[in-house]
Amino acid sequence: MSKIIAVAIEKGGVGKTTTALNVGAGLRLLGKNVLLVDLDQQGHLSRWLGYQPDGKPTVSELIYQEVSGICSNDDMQFIRHSDREQLDYIPANKMLGGIYAVLGNDGQSNTVLDRVFHRDFFAQYDYILFDCPTAVDNLLVSNALKCSDKLLLPVQAEKFAYDCIPQMLQRYMAIKQTKDVKPFLAGMLVTMYSRQTKMSNEVFTALKESYGSLVFAAPVPMLQEARNSTDDDNTLCGSLVHRKSSRVGQAYLAAAKRIAGDAE
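Residues numbered from 1 in each chain as written. Predicted model: local features only at pLDDT ≥ 70, side-chain atom pairs only at ≥ 80, totals over all residues. Heavy atoms only, no water.

Where an unreviewed UniProt entry is consulted, the chain appears under the name ParA family protein, with the organism given as Caproicibacterium argilliputei.

The structure is reproduced here in structure tokens:
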């Protein structure tokens, strides 16, 4: 069975897509078979993986077919492959903005992704990572949280990101129908961390005091290389986990190693 991980948090601009990309690439580097699923209509993850519109169905059609009861015997048609990262992905496009009305027409609208990604085809992957949009109270994110085995929270090293964690955890507990969220957390990964700033250090310390071992030991530093890795106009566009000299890449690789270790 695949381990399904939702990369999600309510606040935008925290490095969520960068985290999905680099953790996915890190898991692949560790020999795992990985599928990334872009659930954000902006499609940043898709573009950073090299996606160009090719006439093949995207995640929007995957959801539509499930809700409409269209039986597809070829789930492979939704899969693209990134030669650079050596992992598979399902891209998004702007059509995803209209998918909420489609989901709302399903009698069990909160379980659409759960039904899709527990089909036999997807069992070939060791890990499936969802890159979720920012608004955690929308139906698409609820689907991703319901479907996931674990939640990975990228937490920018600043107060507003820290303050939104309790609401995010309450939302996840309600969806999972549990009072103990710990078994469902892959962890909290501090991003955009600068050891020279008081705010970064205070947030990292507060997180560790509040959530203990749920916080990844190595925060992701705020360096230009992180921005470059996901810059549409940069020729170095891609993950950083392959670069031993990259502090950002090594922090993400450490996170991937912890996630892989938790799954054994």
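Caption draft 1: Representation of helix 8 (residues 165–176). Taking 1.5 Å as the rise per residue, helix 8 with 12 residues should run 16 Å; its terminal C-alpha atoms sit 16 Å apart, in good agreement. Those residues of helix 8 that fall on the buried side of the exposure criterion are Ile165, Met168, Leu169, Tyr172, Met173, Ile175 and Lys176. In an axial view of helix 8, the angular spread of the buried residues amounts to 160°, which keeps them on one side of the axis. Every exposed residue of helix 8 that faces more than 90 degrees away from the buried side is listed here: Gln170 and Ala174. (Helix = DSSP H or I, 4+ residues; strand = E, 2+ residues; numbered from the N terminus. Expected span 1.5 Å × (residues − 1). Buried < 20%, exposed > 50% of the residue type's maximum accessible area, 1.4 Å probe, protein only. Arc of directions from axis to C-beta.)

Caption draft 2: Molecular detail of the sheet that holds strand 3 (residues 80–82). Here 7 strands make up an open sheet; going across it, the order is 3-4-2-5-1-6-7 and the pairing mixed. Two strands lie at the open edges of the sheet, namely strand 3 and strand 7 (185–191), each paired on one side alone. The mean inter-strand angle of the sheet, taken between neighbouring strand axes irrespective of direction, is 25°. When strand 1 (residues 3–7) meets strand 6 (residues 150–156), the two strands line up parallel, connected through 3 bridges. Within strand 6, the position partnered with Ile5 by the bridge is Lys150. Against the sheet, helix 8 makes contact with strand 6 and strand 7, and its axis sits at roughly 170° relative to strand 6, the strand it touches most. (Pairing = 2+ DSSP bridges. Axes fitted to C-alpha atoms, helices over the stretch in contact; angles between N-to-C directions. Contact = heavy atoms within 4.5 Å.)

Caption draft 3: View of the pairing of strand 4 (residues 87–90). Going residue by residue along strand 4, you find Leu87 and Tyr89 tucked away on one face and Asp88 and Ile90 tucked away on the opposite face as well. When strand 2 (residues 34–38) meets strand 4, the two strands line up parallel, connected through 3 bridges. What sits directly across from Leu36, in strand 4, is Tyr89. Examined bridge by bridge, strand 3 and strand 4 share 3 bridges and lie antiparallel to one another.

Caption draft 4: Representation of the nonpolar core. Counting residues in hydrophobic clusters, the biggest one holds 57 residues, and the most contacted among them are Ile63, Ile90, Phe117 and Phe130. Looking at this core, the element that brings in the most residues is helix 8, giving 6 residues. Not counting chain neighbours up to four residues away, the residues in contact with Ile90 comprise Leu35, Leu36, Val37, Asp38, Thr58, Val59, Leu62, Phe78, Ile79, Phe117 and Phe122. Grouped together as the second largest cluster of nonpolar side chains are 31 residues, Val7, Leu45, Ala186 and Tyr252 included. (Core = buried A, V, L, I, M, F, W, Y, C linked by side-chain atoms within 4.5 Å.)

Caption draft 5: Region of the structure containing helix 1 (residues 16–29). Taking 1.5 Å of rise per residue, the 14 residues of helix 1 would be expected to cover 20 Å, and the 20 Å separating its terminal C-alpha atoms lies within 8% of that figure. Judged by how many residues are buried, helix 1 sits mostly within the fold: 12 of 14 residues are covered. Among the residues of helix 1, those classed as buried are Lys16, Thr17, Thr18, Thr19, Ala20, Leu21, Asn22, Val23, Gly24, Ala25, Gly26 and Leu27. In the segment just after helix 1, Gly31 is the residue with positive phi, at about 90°.

Caption draft 6: Quick peek at the pairing of strand 5 (residues 127–131). The element strand 5 is extensively covered by neighbouring structure, given that 5 of its 5 residues are classed as buried. With burial as the criterion, each face of strand 5 is covered, one bearing Tyr127, Leu129 and Asp131 and the other bearing Ile128 and Phe130. Pairing analysis gives 5 bridges linking strand 1 to strand 5, with the strands arranged parallel. Looking at strand 5, one finds that Ala6 is bridged to Phe130. With 5 bridges joining them, strand 2 and strand 5 adopt parallel strand pairing.

Caption draft 7: Layout of the state of the cysteines. Going through the model one piece at a time under the given rule, you end up with 0 disulfides. Residue Cys132 stays outside any disulfide, its sulfur separated by 10.0 Å from that of Cys147, the closest cysteine. Residue Cys147 is classed as buried on the basis of its relative accessible area of 2%. (Disulfide = S-S within 2.5 Å.)

Caption draft 8: Quick look at the packing of aromatic side chains. Under the criterion given, the structure shown has 5 aromatic pairs. For the pair Tyr172 and Phe184, a centre-to-centre distance of 6.4 Å together with 90° between the ring planes defines the contact as edge-to-face. Of this pair, Tyr172 sits in helix 8 while Phe184 sits in the loop between helix 8 and strand 7; the two residues are 12 residues apart in sequence, bridging distant segments of the chain. Tyr172 gets classed as buried once you look at its relative accessible area, which sits at 0%. Look at Phe184 and you get partly exposed, because its relative accessible area is 24%. Across from the ring centre of Phe204, 4.3 Å away, lies the NZ or CZ of Lys208, which sits over that ring. (Phe/Tyr/Trp six-rings, centres within 6.5 Å; stacked < 30°, edge-to-face > 60°. Lys NZ or Arg CZ within 6 Å of the ring centre and 35° of its normal.)

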